[in-house]
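Chain by chain, the residues:
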There are 2 protein chains.
Amino acid sequence: MTTIRGARERARAEVTAAIKDEARRRLAKEGAVKLSLRAVARELGMVSSALYRYFPSRDDLLTALIIDAFDAVGEAAESALAEGPSGDGGAADHVARWVAICARVRAWALAHPHEYALIHGSPVPDYTAPMSTTGPAARVALSLISVLRDAHEDGVLIPPAPAANLREEDRRLVDEFAPGLPPGTGVAIVAAWAQLYGLISFELFGQFNRVVEARDGLFAHATTHLAHDVGLST
Amino acid sequence: MTTIRGARERARAEVTAAIKDEARRRLAKEGAVKLSLRAVARELGMVSSALYRYFPSRDDLLTALIIDAFDAVGEAAESALAEGPSGDGGAADHVARWVAICARVRAWALAHPHEYALIHGSPVPDYTAPMSTTGPAARVALSLISVLRDAHEDGVLIPPAPAANLREEDRRLVDEFAPGLPPGTGVAIVAAWAQLYGLISFELFGQFNRVVEARDGLFAHATTHLAHDVGLST
DNA sequence: GGGAAAGCAAGAGCACTGCTCTCTTATTTG
DNA sequence: CAAATAAGAGAGCAGTGCTCTTGCTTTCCC
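In this text the structure is predicted, and so the values were computed from the model without any measurement.

What counts, and where the lines are drawn
- Residues numbered from 1 in each chain as written.
- Chains lettered and ligands numbered in written order.
- Predicted model: local features only at pLDDT ≥ 70, side-chain atom pairs only at ≥ 80, totals over all residues.
- Heavy atoms only, no water.
- UniProt positions renumbered as here; feature names shortened; annotations may be inferred.
- Helix = DSSP H or I, 4+ residues; strand = E, 2+ residues; numbered from the N terminus.
- Near = heavy atom within 4 Å.
- Polar contact = N/O pair within 3.5 Å; in protein donor to acceptor, adjacent residues only side chain to side chain.
- Contact = heavy atoms within 4.5 Å.
- Salt bridge = Lys/Arg side-chain N within 4 Å of Asp/Glu carboxyl O.
- Buried < 20%, exposed > 50% of the residue type's maximum accessible area, 1.4 Å probe, protein only.
- Nonpolar A, V, L, I, M, F, W, Y, C, P; charged D, E, K, R; others polar.

**Some details on the UniProt feature "DNA-binding region" (unreviewed entry) in chain A**
Taking the UniProt record as the reference, the feature "DNA-binding region" (unreviewed entry) is found at residues 36-55 of chain A. Spanning residues 36-55 of chain A, this segment combines 55% helix with 0% strand, and its end C-alpha atoms are found 13 Å apart.

**What to know about the protein's contact with DNA strand D**
Taken together, the neighbourhood of DNA strand D is formed by 23 residues, with A:R38, A:R42, A:R58, B:R12 and B:S49 sitting nearest. Put simply, 49% of the atoms of DNA strand D that lie within 4 Å of the protein are in sugar or phosphate. A distance of 2.6 Å separates a phosphate oxygen of DNA strand D from a polar atom in the side chain of A:R42. Within the contact set of DNA strand D, a base nitrogen lies 3.2 Å away from a side-chain nitrogen or oxygen of B:R8. Elements represented by at least two residues in the surface near DNA strand D include exactly α1 (7-30), α2 (37-43) and α3 (48-51) of chain A together with α1 (7-30) and α3 (48-51) of chain B.

**Quick word on the environment of B:L61**
All names here are of chain B. Counting through the fold element by element, L61 comes out in helix α4 (residues 58-83). When the C-alpha atoms of L61 and A7 are compared, they prove to be 24 Å apart, with 54 residues separating the residues in sequence. Non-local contacts of L61, meaning those with residues more than four positions away in its chain, are made with K20, A23, L37 and F55.

**Examining the pattern of salt bridges**
Residues and elements named next belong to chain B. Under the definition given, this model contains 30 salt bridges over all chains. D68 serves as the salt-bridge partner of R24, at 2.7 Å between the closest nitrogen and oxygen. Of this pair, R24 sits in helix α1 while D68 sits in helix α4; the two residues are 44 residues apart in sequence, bridging distant segments of the chain. Among the residues examined, R24 registers a relative accessible area of 24% and is labelled partly exposed.

**Concerning the protein's contact with DNA strand C**
Looking at DNA strand C, there are 22 residues lining it, with A:S49, B:L37, B:R38, B:R42 and B:R58 nearest. Taken together, the sugar and phosphate atoms account for 51% of what DNA strand C places within 4 Å of the protein. One of the backbone N or O atoms of A:V47 is found 3.5 Å from a phosphate oxygen in DNA strand C. A distance of 2.7 Å separates a phosphate oxygen of DNA strand C from a polar atom in the backbone of B:L37. Elements with a contribution of two residues or more to the surface near DNA strand C: α1 and α3 of chain A together with α1, α2 (37-43) and α3 of chain B. In terms of residue count, α2(B) provides more of the surface near DNA strand C than any other element does, three residues in total. Of the residues in the surface near DNA strand C, the class split is eight nonpolar, five polar and nine charged.

Following this line, the structure appears as structure tokens:
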């Protein structure tokens, strides 16, 4: 998309990438709180003030890492969607794809705990996510919606009944994020989306320690249940 | 429980409380990341090194605040349980109490976002919650279990069918945390517990921004659904 | 091509942090 | 009353984000 013109811009792109790589490495190792600009610069053999030519503040570096993390987990979800069974178009296939997406997201989170915490843990105080993060942030949700759309086209989607006082909200959600899907799916998928991350966060942030043992099984069971809730029945 | 013997011990208790109060105030205002021992000491008119006589490290202060936060949200849940309808013992009453507990927890979280983030956001790196936090941490879950127990005693609990590969885990969970409840409720309540916090976290951490508008309605709808999932039907 | 403009690295410096150490003073205990 | 103990005060260390000034190099434009 962007053609690199001179040697200077090429160098700039390379240094920027190197900074992000090193920052991601330190993030994965020690977490966002301990991510220090000075340490990144030191590791790269540059002085700390030089780093500010590339990222005007620590928050800007974090924002770049947040976008990368959203993209990474989004890509995981999309690849799970692509690789899933597209067999006879039966309801079971769609449930399987839904569960597969959830499982892939969970696996990514367990493999990249600090990056997951960066995007779904406590937001940094005084930090409001800029608009540039909203696109990548939606990719997982869009993958889930995609499963519903396929099921709907195959005629096996049984849309849940929308609560009476949520009909308007549901219509707005469907119009804006999942056009074409039947009423009731809007609020259902938003709720399922949030609850999916509740399951992952509790496991990742240690809330299941000394409580839940069979975590794989529990997660598979719960996400299958969520599939039912959004209208994908076996 | 502890009798304060001399003037010195009385002073120590007072200073410890003052430190915790001031720390809680700053936590509520600026968040855990920006909570600084020096600022707390400054505000209290003492020098920073003196504070280390009361809390050996910043993590120990945070641990104290974590326990307080768990107790606060646990107390909110328990008061919602106590104040809820105990009327005719019908299924609707139990659903109402379940939903009321969830709503009270959510209200507490919205009123104390930084304290909520402290206990349910990203764990501080290299920080493992000590055993002393596990007791207070369980109070919300115990309140939810309490509703199930009452419903069971009233004979209106319809336990969900446990997944085949989770029967053992379910029995273990029931035995350890909810003795007397029928099979199936163990995994169901753990899943519902995690999903409840997914709903709250998504709202609180801004994931619903520019997406969900009718948040009260969505939350009430979703938690009612969770009640059904654990065997409380209307 | 040569001069002006812009981009970049380096270093010093500010205000802040958690934490340690020593020294002095006040309190409790034997 | 004397010894032991606890508390406060201050200096200091290593680290942080960020700013500013000083040179140097690359790019742009006439």
